[in-house]
Amino acid sequence: MAYGLEFDGVDDDGVFPTAYSPTTSISCRGVLSYPNITAKSFAFGKDSSFRSDRQGLEFLTDGSIEFGGGSTNKISNNLNSFSEGDFLSFEYTHDGTTETLTIEGSTVSRASSTLSHDIQRLGSSGSQDRYAGIIREFEIDIDGVAVVEMTTAQSTGNTSWENLIGSNAALSNFPANNSQWVFYSSGAVIVAPTTIASAES
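So, the overall build of the protein
Okay, so step 1: Secondary structure assignment for the protein yields zero helices and 17 strands.
Okay, so step 2: Buried positions account for 51% of the 201 residues belonging to the protein.
Okay, so step 3: Of the accessible surface of the protein, which amounts to about 8,300 Å², a share of 48% is contributed by carbon and sulfur atoms.

Remarks on the packing of aromatic side chains
Okay, so step 1: By the definition in use, this model includes 11 aromatic pairs.
Okay, so step 2: Residues Tyr 3 and Phe 183 carry aromatic rings whose centres are separated by 5.7 Å and whose planes lie at 70° to one another, so their mutual orientation is edge-to-face. Highlighted residues: Tyr 3 in strand E1 (residues 2–8) and Phe 183 in strand E16 (residues 181–184), separated in sequence by 180 residues.
Okay, so step 3: In this structure Tyr 3 comes out as buried when scored by relative accessible area, which is 18%.

Topic: the pattern of salt bridges
Okay, so step 1: Per the stated rule, a full pass over the model turns up nine salt bridges.
Okay, so step 2: Of the charged contacts, one joins Arg 29 and Asp 141 as a salt bridge, the two residues approaching to 3.3 Å between their closest N and O atoms. With Arg 29 in strand E3 (residues 26–33) and Asp 141 in strand E12 (residues 132–142), this residue pair connects regions lying 112 residues apart in the sequence.
Okay, so step 3: Through salt bridges with shared partners, a single ionic network connects Lys 40, Glu 58, Glu 66 and Lys 74.

As for unusual backbone geometry
Okay, so step 1: Although it is not a glycine, Glu 104 adopts a positive phi angle of roughly 50°.
Okay, so step 2: Note on Glu 104: relative accessible area 40%, which makes it partly exposed.
Okay, so step 3: The backbone phi angle of Asp 143 is positive, close to 50°, even though this residue is not glycine.
Okay, so step 4: Topologically, Asp 143 is positioned in the loop between E12 and strand E13 (145–150).

Points about the pairing of strand E4 (residues 41–45)
Okay, so step 1: With five of five residues buried, E4 lies mostly within the body of the structure.
Okay, so step 2: Sheet topology places E4 next to strand E5 (residues 56–59); four bridges connect them, and they run antiparallel. In the strand pairing of E5, Ser 41 is matched with Phe 59.
Okay, so step 3: As judged from the two bridges shared by E4 and strand E11 (residues 119–122), these two strands associate in the antiparallel manner. Counted as the bridge partner of Gly 45 is Arg 121 from E11.

Some thoughts on the nonpolar core
The nonpolar side chains of a soluble globular protein tend to be buried with one another.
Okay, so step 1: Counting residues in each nonpolar core, the largest one holds 38 residues, and the members touching the most others are Phe 44, Leu 57 and Phe 138.
Okay, so step 2: Broken down by element, the residue count for this core peaks at four residues, all from E12.
Okay, so step 3: Leaving out residues up to four positions away in the same chain, Phe 138 has contacts with Phe 16, Cys 28, Arg 29, Gly 30, Phe 44, Phe 90, Ile 119, Leu 122, Val 148, Glu 149 and Met 150.

Structural notes on the environment of Glu 6
Okay, so step 1: Mapped onto the fold, Glu 6 is located in strand E1.
Okay, so step 2: Once residues within four sequence positions are removed from consideration, Glu 6 is found in contact with Asp 12, Gly 133, Ile 134, Phe 174, Ser 179, Gln 180 and Val 182.

Some details on the environment of Leu 57
Okay, so step 1: The topology assignment puts Leu 57 in strand E5.
Okay, so step 2: A residue is classified by how much of its surface remains accessible, and Leu 57, at 0% relative accessible area, is buried.
Okay, so step 3: Separated by 67 residues in sequence, Leu 57 and Ser 124 have C-alpha atoms that sit 9.2 Å apart.
Okay, so step 4: Sequence-distant contacts of Leu 57, that is, excluding residues within four places in its chain, are made with Leu 32, Ser 41, Phe 42, Ala 43, Phe 44, Ile 65, Glu 66, Phe 67, Phe 90 and Leu 101.

What to know about the side chain of Asp 118
Okay, so step 1: Positionally, Asp 118 belongs in the loop between strand E10 (106–111) and E11.
Okay, so step 2: In this structure Asp 118 touches Ala 19, Tyr 20, Ser 21, Gly 45, Lys 46 and Gln 55, once residues within four positions along its chain are discounted.

What about the confidence of the model for the protein?
Okay, so step 1: Taken over all residues, the pLDDT of the protein has a mean of 81, while the share at 70 or more is 77%.
Okay, so step 2: Ranking the elements of the protein by mean pLDDT puts strand E17 (residues 197–198) last with 44 and strand E8 (residues 87–94) first with 95.
Okay, so step 3: Low confidence marks residues 188–201, where pLDDT is under 50. Its contacts with residues over four positions away, or in another chain, come to 63 contacts.

The rules behind each value
- Residues numbered from 1 in each chain as written.
- Predicted model: local features only at pLDDT ≥ 70, side-chain atom pairs only at ≥ 80, totals over all residues.
- Heavy atoms only, no water.
- Helix = DSSP H or I, 4+ residues; strand = E, 2+ residues; numbered from the N terminus.
- Buried < 20%, exposed > 50% of the residue type's maximum accessible area, 1.4 Å probe, protein only.
- Areas by Shrake-Rupley, 256 points an atom, 1.4 Å probe, with all protein chains shown as cover.
- Phe/Tyr/Trp six-rings, centres within 6.5 Å; stacked < 30°, edge-to-face > 60°.
- Salt bridge = Lys/Arg side-chain N within 4 Å of Asp/Glu carboxyl O.
- Pairing = 2+ DSSP bridges.
- Core = buried A, V, L, I, M, F, W, Y, C linked by side-chain atoms within 4.5 Å.
- Contact = heavy atoms within 4.5 Å.
- pLDDT = per-residue confidence, 0-100.

Below you can see the structure in the form of C-alpha cells.
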C-alpha cells in the first residue's frame with residue numbers, strides 16, 4: 001500500500017529544515033498530478049517570498065511545465081498535453097553545462113552553466129503560487145548525493161512526511177483527520193509509517 005500527499009492549493013505546506021542547493025549538479029524526479037492551470041503553481045521550490053526569486057517545478061497557464069530559478073533562468077517543456085488530475089512523471093537534471101527536463105518521456109535540453117536552484121518547500125515556492133494536487137514520488141540528488149528519496153509516499157499523520165534517507169519535512173495546515181493521505185496501489189505491501197525526510201539527520 002502507498003499514499004500520496006494531497007495539497008489543497010490554499011495553505012498546505014511542507015518545508016525541509018534546510019535548502020538543498022547544488023554546487024556541481026542536481027537531479028530531481030518524481031510522480032505527481034497535473035493541477036488546474038487557471039493560475040500558475042509550483043509543486044515544489046525555494047522558500048522565498050520574492051516573486052522574482054521563485055524557483056522549482058512550475059505549471060503555467062499555457063500548459064507548459066518549467067523548472068528553473070528566478071524569473072528568467074528556466075527550462076520549459078510543452079511537448080505533452082494533460083488534463084487536471086492526470087498523473088505524470090518528471091525528471092530534471094543539470095550537470096553544470098547542460099540541463100534537461102523530461103515529462104512523461106518527452107525531453108527538452110539546453111546549454112546552461114547556472115546552477116541557481118534552491119529546493120526547500122513542497123506545495124509552493126515561498127508560500128506563493130500554491131499547488132493543488134497530489135505528490136506520490138519525490139527524489140532529489142545534490143552534487144551526486146541523494147538528499148531526498150521518497151519513492152512511494154506513504155504515511156498517516158499530519159506533522160511530517162517520511163522518505164527513505166533522513167530528517168523530516170515539516171507539514172502544516174493539513175486536515176487533522178489525515179484525509180490528505182490519498183491511497184493508491186503501488187504493487188507492493190508497505191507498512192505505513194507515521195512520519196518526508198532528508199539526508200541531513
